[in-house]
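A look at the structure
Chain residues, written in single-letter form:
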Amino acid sequence: MSILDRINEDIKKAMLAKEKEKLEALRAVKAAFLLAKTEAGASEELAYEKELQIIQKLIKQRKDAAEIYKQQNRMDLYEPEEFQAEIISQYLPAQLSEEELRLEISKIIQETGASSIKDMGKVMGIANSKFVGKADSKSISGIVKQLLTS
């Protein structure tokens, strides 16, 4: 079952349970998928990696907005954004811990022969494609910088 199929099922369940906030989050994900699908061509199904990228992007948008609302002391807007980010994040695979991520990135650095911060782009390209949905780019880049500068 694809992520879109799971979301469609969860939309139906949320409608029956009259969960308005959850329904809003799920519909946003479905809309983003449909938009990406029409950009790719109507006959194509979205690849699993592309679905994960879209979900990560939506979560990041919600978290960024929530942080801004929190800074402005607008808890009435902060809480729905956090809730939506929580709902959307349920469609991502299990996230890697920092130790696991550090170990995997170390392997990538050894495989590519990266030795300085100048090689960060090469390592980031491989790491981002390898960890789609399992870690966010911010975490990956922070660990890559640490490992390449030490």
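Numbers given to residues run from 1 along each chain, matching the order in which its sequence is written. For a predicted model such as this one, the threshold for reporting local features is a pLDDT of at least 70, and the threshold for listing and counting side-chain atom pairs is 80 or more; totals across whole chains, interfaces and linings nevertheless cover every residue. Only heavy atoms go into the side-chain values, all of them from the structure, while hydrogens and water stay out.

1. Here we look at the overall build of the chain
Put simply, the rule is: In this text, helices come from DSSP runs of H or I with a minimum length of four residues, and strands from runs of E with a minimum of two, each type numbered from the N-terminal end. Any residue under 20% of the maximum accessible area for its type is buried, any over 50% is exposed, and the rest in between are partly exposed; the area is computed with a 1.4 Å probe on protein chains only. Per-residue accessibility takes into account occlusion by the displayed protein chains alone, with areas from the Shrake-Rupley method and a 1.4 Å probe.
From N to C terminus, the chain includes seven helices and zero strands. Element order for the chain, N to C, with α for helix and β for strand: α-α-α-α-α-α-α. C-alpha atoms of the chain, sized along the principal axes, occupy 55 × 45 × 25 Å. For the chain, the proportion of its 150 residues judged to be buried stands at 34%. Carbon and sulfur atoms make up 52% of the accessible area of the chain, which amounts to about 9500 Å² in all.

2. Regarding the pattern of salt bridges
Stated precisely, the cut-off is as follows: The salt bridge criterion pairs a side-chain nitrogen of Lys or Arg with a carboxyl oxygen of Asp or Glu, the two atoms within 4 Å.
By the definition in use, this model includes six salt bridges. Two residues, Glu98 and Arg102, come together in a salt bridge whose shortest N-O distance is 3.1 Å. With Glu98 and Arg102 both in helix α5 (residues 98-112) and four residues apart, the pair spans about one turn of that helix. Its relative accessible area of 48% is what places Glu98 among the partly exposed residues. Its salt-bridge partner being Glu104, residue Lys130 comes within 3.1 Å of it at the nearest N-O pair. Taken together, the residues Lys130 in helix α6 (residues 120-130) and Glu104 in helix α5 connect sequence positions 26 residues apart. Judged by its relative accessible area of 42%, Lys130 is partly exposed. Via salt bridges that share partners, Glu104, Lys107 and Lys130 belong to a single interconnected network.

3. Considerations on the side chain of Ser141
To keep it simple, the criterion reads: Any pair of nitrogen or oxygen atoms within 3.5 Å is treated as a polar contact; in protein, a donor-acceptor pairing is required on top of that, and neighbouring residues in sequence qualify only through side-chain atoms on both sides. We call two residues in contact when some of their heavy atoms are within 4.5 Å.
Along the chain, Ser141 turns up in helix α7 (residues 137-149). Residue classification places Ser141 among the buried positions, given a relative accessible area of 18%. Of the polar contacts made by the side chain of Ser141, one reaches the backbone oxygen of Lys138; its length is 3.1 Å. Residues within four places of Ser141 in sequence aside, it is in contact with Met120 and Met124.

4. Quick word on the environment of Ile11
By the secondary structure assignment, Ile11 is in helix α1 (residues 3-17). Spatially, the C-alpha atoms of Ile11 and Leu23 are 5.9 Å apart, while their sequence positions differ by twelve residues. With residues up to four places along the chain from it excluded, the contact list for Ile11 reads Leu23, Leu26, Arg27 and Lys30.

5. Regarding α5
Every α-helix winds through 3.6 residues per turn, so residues three or four apart in the chain are directed the same way. Heads up, the rule is: An expected span of 1.5 Å times one less than the residue number is assigned to each helix. Note that the arc is computed from the directions linking the helix axis to the C-beta atoms.
Spanning 15 residues, α5 covers 21 Å between terminal C-alpha atoms, matching the ideal 21 Å at 1.5 Å per step. Among the residues of α5, Leu101, Ile105, Ile108 and Ile109 are the ones counted as buried. Buried residues in α5, looked at end-on, bunch into an arc of 100 degrees, giving them a common side. Along α5, exposed side chains directed more than 90 degrees from the buried face belong to Glu99, Leu103, Gln110 and Glu111. Looking at the buried residues of α5, the elements they touch are α6 and α7. Once α5 ends, the next one or two residues include Gly113, with phi positive near 75 degrees.

6. Focus on the environment of Ile3
Secondary-structure assignment places Ile3 in helix α1. Considered as a pair, Ile3 and Tyr48 are 45 residues apart in the sequence and their alpha carbons are 7.9 Å apart. For Ile3, the residues in contact, after removing those within four places along its chain, are Phe33, Tyr48, Glu51, Leu52, Ile55 and Tyr91.

Everything listed is a geometric property; what it means functionally is a separate question.
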